[in-house]
Amino acid sequence: MGAVVGTLTMGERTKGERRRPSRDKIDDDFELSIVCHRPEGLDKLEAQTNFSKQELQVLYRGFKNECPSGVVNEDTFKQIYAQFFPHGDASTYAHYLFNAFDSAHSGSIKFEGFIMALSTLLRGSVREKLTWTFNLYDINRDGYINKEEMTDIVSAIYDMMGKYTYPALKTDTPKQHVDAFFQKMDKNRDGVVTLDEFILSCQEDENIMRSLQLFKNVI
Amino acid sequence: MAAGVATWMPFARAAAVGWLPLAQQTMPKPPVDKTSRSDEILFVNVSGLRFQTWKNTLDRYPDTLLGSSEKEFFYNEETQEYFFDRDPEMFRHILNFFRTGKLHYPRHECIQAFEEELAFYGIIPEIIGDCCMEEYRDRKKENQERLAEDTEAENAGDAPLPPDATLRDKLWRAFENPHTSTMALVFYYVTGFFIAVSVIANVVETVPCRPLKGSIKDLPCGEKFSVAFSCLDTACVLIFSCEYLMRLYAAPSRCDFARSVMSVIDVVAILPFYIGLIMPENEEVSGAFVTLRVFRVFRIFKFSRHSQGLRILGCTLQACASELGFLLFSLTMAVIIFATVMFYAEKGTKGTTFSSIPASFWYTIVTMTTLGYGDMVPDSIAGKIFGSICSLSGVLVIALPVPVIVSNFARIYHQNQRADKMRAQQKVRQARIRMAKKGATNAFLQHKEDGGLQGGDSDSTAFCVKNRSAFEHQHHHLLQCLEKTTNHEFTDEVTYSEVCMMDSMGFRTSRSTSLSSQQGATTTCCSRRAKRRAIRLANSTVSVSRGSVQELDTLHVTKTPVGTQYPQSRSSLNARTEDLKLNCTDYTAAIISIPTPPANSPDESLPNSPAIPGILRNSRSSIYNTQETVKISSL
């Protein structure tokens, strides 16, 4: 009985005000779901990146197949990346990676951002690659990498390994790794690594230089 | 790996650059991909329907046929496309899977055909998207049930027992399948009759009969004719006990049998009698003894062996156990609620029948099932209102689970109908399949008679050879090789059984003698039979019969043609090469016509097909030669 009275009263009141916000909300959701981002023209992208037209076409076809709406949000990104590392937990590292790709901090990666990052990583100069990596490590984008940031990154990487490793992971393995890193990179021993220090130290290391050339033929 | 991840591989590898400064060891060399990286359009021709797709699309799922190098086996160099000789309609769905990453199940297709296509293309059915998964699973379950019934029907005890079956096996089969032997059928009907008699006796003995002379009170018939009824009861119980013991003896697994429902019913049916025998005749226990007689009515459940419908009903109730349980539970809830309400509503009324809540249960149940006896009726207004609500809700609560039970019953009933139909059709199907197979074997035997053994020497054989496909040639050659290997020859059923019969009739002497003395030995019933057939043959197409001469010549090269005794039969057989202008069409026609009528009944109505085996049987069965390769039978 009470229910019957309730519905009657609700119908009379607030026909105007109450309904509109809900309708707007529905419309907003509706709009979000049909919005799809289209990238700028093929020529423009070709000019901005180091990829050829065919390569861009292939990349876009794959991207559009996976994300018909044209954008990748963080959850999808984490899911995709996690599939490559089934042994451990890739979500933390994927989060940092997402932030590195999403240079505009919009919360979603569009095709242009995706392509720019790929172009830098695969076809860019050594300096560009190292700058991108520095930005990855510099979580708060203040221009310095401190020990906490580095520890976060390294722990995230070790998380991807999972539990079953040989030799077994100890609790202070990330810390030791970070210490070794700072030993190498921090020239003036001020506890932080700047971009110049980073690039200089990497250029001195032959291993790193050689490895940077390995990924040229990924596409 | 999951679907579509292949597309993201370049990105994941590029992101590995972020690990490089941290790496403490050198990175391994990347794999060198020799194939061209640029994307190209592939052409896939499926039975004439041409599909085009990007190579990358197919590469997304590398563990399927199309995504791996397996498709190179189907590559056609001339037309520069991949050709698959499969269903083009199904291929559409397969290709859509590659394109969208979701596999859909087409509802109008047969589920087995779909699964076969999936198996061919290397796609596991578990990938089917959620939208189509339920439909797929339902159809698959239905199909499996149907197939399970087919195999069950085949394995049903209709097949004849192996010859070394023990008495136990025979007895068990007689019990389980009464239609297999007359004795079993008789037993089945006798037990059914006695069950009915026992139940009727139980019922009739409580009917009041006319009283004995000199007394006024009506007696139940059971007491008037107590001797007769007790004799009947004893007889029935004896028969049931015998039956139970025999079943127990014959059962292949006595534990399982003892635990089965039917055996429990049997035991419960006969137990009261024995308990009554054991129990003493004193007053205290006779009350309990009387209740035991109630269990005699369980004998009516023994009818479920005789009635399939009862079994189906039992199955249904078992299958709907959860729905019945829900019905019971909801009824109980409603009963308690309404009983409480009615009790408190009627509490004020003077002299009310609603004396307690349990007493109100009876009212609630009677009202909810819309019986309405009227022995308990509410007086107050509140009571009447709640009473009406009670009866309305009762209808609803009972009506809800009933359709589920009904649909389950319909499903099980149809399954049973289908199983019976299958079994009936199975026999016809098997007979037809056997005949078709026989056509194939007859073709080989036929081929031998035409002189296929000779090789391609004479012109006549060349005629017939043309009419057979390369496959048949190879097959026949293969069978000949087998014959040569094993030193035995192929023959057909009839001649083999004839030979067996003849052997058992003791005509071994004819076999051991040489050919020249075969003449005398030909006065066998077989040759008499052969004569009969030859007469029949004379009326039929003679060209056919003449053709078979050649194979006689080939096989009995050293033998002089015998035959003054039965000129009618032999003369036609002795016709020589001038008659060898074989009409090959006759042969092929004969081969084709074999499957239709069975060759076992060589009657006049079938001139063509049986004539050939008939005449050949005629020639061979009378001539045995152990010096040559041992012939199992003359053909």
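A quick note: this is a predicted structure, and the numbers were derived from the prediction, not measured. Residue numbers run consecutively from 1 along every chain, following the written order of its sequence. Here chains are named by letter from A upward and ligands by number from 1 upward, in the order in which they appear as written. Local features in this predicted model are restricted to residues of pLDDT 70 or higher, and side-chain atom pairs are both shown and tallied only at a pLDDT of 80 or more, whereas totals for entire chains, interfaces and linings draw on every residue. To get the side-chain values, take all heavy atoms of the structure and skip hydrogens and water.

### Points about the overall build of chain B
Thinking step 1. What chain B contains, in helices and strands, is 28 helices and six strands.
Thinking step 2. Here's how the labels work: a residue is buried when its accessible area is under 20% of the maximum for its type, exposed when over 50%, partly exposed in between, all with a 1.4 Å probe on protein chains only. The 635 residues of chain B split such that 37% are buried.
Thinking step 3. In these tables, accessible area is a Shrake-Rupley quantity obtained with a 1.4 Å probe, and a residue counts as shielded only by the protein chains included in the view. Summed over its atoms, the accessible surface of chain B is roughly 36,900 Å², and 63% of this surface lies on carbon and sulfur atoms. A run of H or I in DSSP counts as a helix once it spans at least four residues, and a run of E counts as a strand once it spans at least two, with each numbered from the N terminus.

### So, the interface of chain A and chain B
Thinking step 1. Note on definitions: a residue-residue contact is assigned when non-hydrogen atoms from the two residues lie within 4.5 Å. Across the boundary between the two partners, chain A contributes 44 residues, which contact 33 residues of chain B.
Thinking step 2. Of the roughly 3,400 Å² buried between chain A and chain B on both sides combined, carbon and sulfur atoms contribute 72%.
Thinking step 3. Basic side-chain nitrogens of Lys or Arg form a salt bridge, by our definition, when they fall within 4 Å of a carboxyl oxygen of Asp or Glu. Taken together, chain A and chain B are joined by zero salt bridges.
Thinking step 4. For the purposes of these results, a polar contact is taken to be a pair of N or O atoms within 3.5 Å, where, inside protein, one atom must be able to donate a hydrogen and its partner to accept one; residues adjacent in sequence count only when each atom of the pair is a side-chain atom. Along the contact surface separating chain A from chain B lie three residue pairs in polar contact (both at pLDDT 80 or more).
Thinking step 5. Polarity classes work like this: nonpolar for Ala, Val, Leu, Ile, Met, Phe, Trp, Tyr, Cys and Pro, charged for Asp, Glu, Lys and Arg, and polar for all others, with Gly in that last group. Taken together, the residues of the side of chain A that touches chain B sort by class into 34 nonpolar, seven polar and three charged. Accessible area that two parts lose when put together, evaluated with a 1.4 Å probe and summed over both, is termed the buried area.

### Focus: unusual backbone geometry
Thinking step 1. Even without a glycine there, the phi angle at Arg-189 of chain A is positive, about 50°.
Thinking step 2. Look at Arg-189 of chain A and you get exposed, because its relative accessible area is 53%.
Thinking step 3. If you check the backbone angles, Gln-80 of chain B has positive phi at about 55° while not being a glycine.
Thinking step 4. Position of Gln-80 of chain B among the secondary structure elements: in the loop between β3 (75-76) and β4 (81-84).

### A word on the UniProt feature "transmembrane region" (unreviewed entry) in chain B
Thinking step 1. UniProt positions are given in the numbering used here, feature names are shortened, and annotations may be inferred rather than shown by experiment. Feature annotation in UniProt assigns "transmembrane region" (unreviewed entry) to the following positions: residues 183-204, 257-279, 324-345, 351-373 and 385-406 of chain B.
Thinking step 2. In residues 324-345 of chain B, helix accounts for 100% and strand for 0%; the two terminal C-alpha atoms are 31 Å from one another.

### Describing the environment of Phe-134 of chain A
All names here are of chain A.
Thinking step 1. Looking at where Phe-134 falls in the secondary structure, it is placed in helix α8 (residues 126-137).
Thinking step 2. By relative accessible area, which is 3% here, Phe-134 ends up buried.
Thinking step 3. For the pair Phe-134 and Ile-145, spaced eleven residues apart in sequence, the C-alpha to C-alpha distance is 8.0 Å.
Thinking step 4. Not counting chain neighbours up to four residues away, the residues in contact with Phe-134 comprise Gly-143, Tyr-144, Ile-145, Val-193, Thr-194, Leu-195 and Phe-198.

### Thoughts on the state of the cysteines
Thinking step 1. Disulfides are defined in this document as cysteine sulfur pairs within 2.5 Å. Tallied over the entire structure, the rule returns zero disulfides over all chains.
Thinking step 2. As a non-bridged cysteine, Cys-131 of chain B has Cys-132 of chain B as the owner of its nearest cysteine sulfur, 4.0 Å distant.

### Quick word on the environment of Glu-117 of chain B
Thinking step 1. By secondary structure assignment, the location of Glu-117 of chain B is in helix α4 (residues 111-121).
Thinking step 2. When the C-alpha positions of Glu-117 of chain B and Asp-87 of chain B are compared, they lie 8.2 Å apart, and in sequence the two are 30 residues distant.

### Details of the packing of aromatic side chains
Residues and elements named next belong to chain B.
Thinking step 1. The rule is short: rings of Phe, Tyr and Trp, with Trp giving its six-membered ring, pair when the centres are within 6.5 Å, and they are stacked under 30 degrees, edge-to-face over 60, tilted in between. With the rule as written, the count across this model stands at 46 aromatic pairs over all chains.
Thinking step 2. Ring geometry for Tyr-61 against Phe-97: centres 4.7 Å apart, planes inclined by 25°, an arrangement best described as stacked. One end of the pair, Tyr-61, is in the loop between α2 (55-59) and β3; the other, Phe-97, is in helix α3 (residues 88-100), and 36 residues separate them in sequence.
Thinking step 3. Here Tyr-61 falls in the buried class, since its relative accessible area comes to 7%.

### Some remarks on helix α13 (residues 308-319) of chain B
Thinking step 1. The span expected for a helix works out to 1.5 Å for each residue beyond the first. With twelve residues, α13 of chain B should reach 16 Å at 1.5 Å per residue; the first-to-last C-alpha distance of 16 Å fits that figure.
Thinking step 2. The N-capping residue of α13 of chain B, defined by a side-chain oxygen 3.3 Å from the backbone nitrogen of Gly-309 of chain B, is Ser-307 of chain B.

### Quick word on the sheet that holds β3 of chain B
Residue and element names in this part refer to chain B.
Thinking step 1. A strand pair is defined by DSSP finding two or more bridges across the two strands. Taken in spatial order, the four strands of this open sheet run β2-β1-β4-β3, and their pairing is mixed. Each end of this open sheet is capped by a strand with a single partner; those strands are β2 (49-54) and β3.
Thinking step 2. In this structure, β3 lies alongside β4, joined through two bridges in antiparallel fashion. Along β4, the bridge assignment pairs Asn-76 with Glu-81.

### Let's talk about the pattern of salt bridges
Side-chain pairs of opposite charge can arise whenever the charged atoms involved come near each other.
Residue and element names in this part refer to chain A.
Thinking step 1. All chains considered together, the criterion is met by 23 salt bridges over all chains.
Thinking step 2. One salt bridge connects Arg-123 with Glu-55, and the closest N-O pair in it is separated by 3.0 Å. Pair noted here: Arg-123 is in helix α7 (residues 111-123) and Glu-55 is in helix α4 (residues 53-66), with a separation of 68 residues, a long-range link.
Thinking step 3. Given a relative accessible area of 27%, Arg-123 falls into the partly exposed group.

### Let's talk about the nonpolar core
Thinking step 1. Residues Tyr-81 and Met-150 of chain A are the most contacted members of the largest nonpolar core, which totals 63 residues.
Thinking step 2. Those residues in contact with Tyr-81 of chain A, other than ones at most four positions away along the chain, are Ala-90, Tyr-93, Ala-94, Leu-97 and Met-160 of chain A together with Phe-11, Ala-12, Ala-15 and Trp-19 of chain B.
Thinking step 3. Of all hydrophobic cores here, the second largest spans 27 residues; its members include Leu-103, Tyr-105, Phe-114 and Tyr-121 of chain B. Residues grouped as a nonpolar core are buried Ala, Val, Leu, Ile, Met, Phe, Trp, Tyr and Cys residues, joined through side-chain atoms within 4.5 Å.

### A few points about the UniProt feature "domain: EF-hand" (unreviewed entry) in chain A
Thinking step 1. Feature annotation in UniProt places "domain: EF-hand" (unreviewed entry) on residues 125-160 and 173-208 of chain A, given in this structure's numbering.
Thinking step 2. Structurally, residues 173-208 of chain A is divided into 72% helix and 8% strand, and its ends, taken at the C-alpha atoms, are 21 Å apart.

### Topic: helix α14 (residues 321-345) of chain B
Side chains of residues three or four places apart in an α-helix project in the same direction, reflecting 3.6 residues per turn.
All names here are of chain B.
Thinking step 1. Compared with an ideal rise of 1.5 Å per residue, which puts 25 residues at 36 Å, α14 spans 36 Å between its outermost C-alpha atoms and is within 8% of the ideal.
Thinking step 2. By the burial criterion, the buried members of α14 are Leu-327, Ser-330, Ala-334, Val-335, Phe-338, Ala-339, Met-342, Phe-343 and Ala-345.
Thinking step 3. Along its buried surface, α14 packs onto α15 (357-368) and α16 (381-399).

### Here we look at the side chain of Asn-143 of chain B
Residues and elements named next belong to chain B.
Thinking step 1. Within the secondary structure, Asn-143 sits in helix α5 (residues 130-155).
Thinking step 2. Given the relative accessible area of 18%, Asn-143 is considered buried.
Thinking step 3. In contact with Asn-143, not counting residues within four places along its chain, are Ile-111 and Gln-112.

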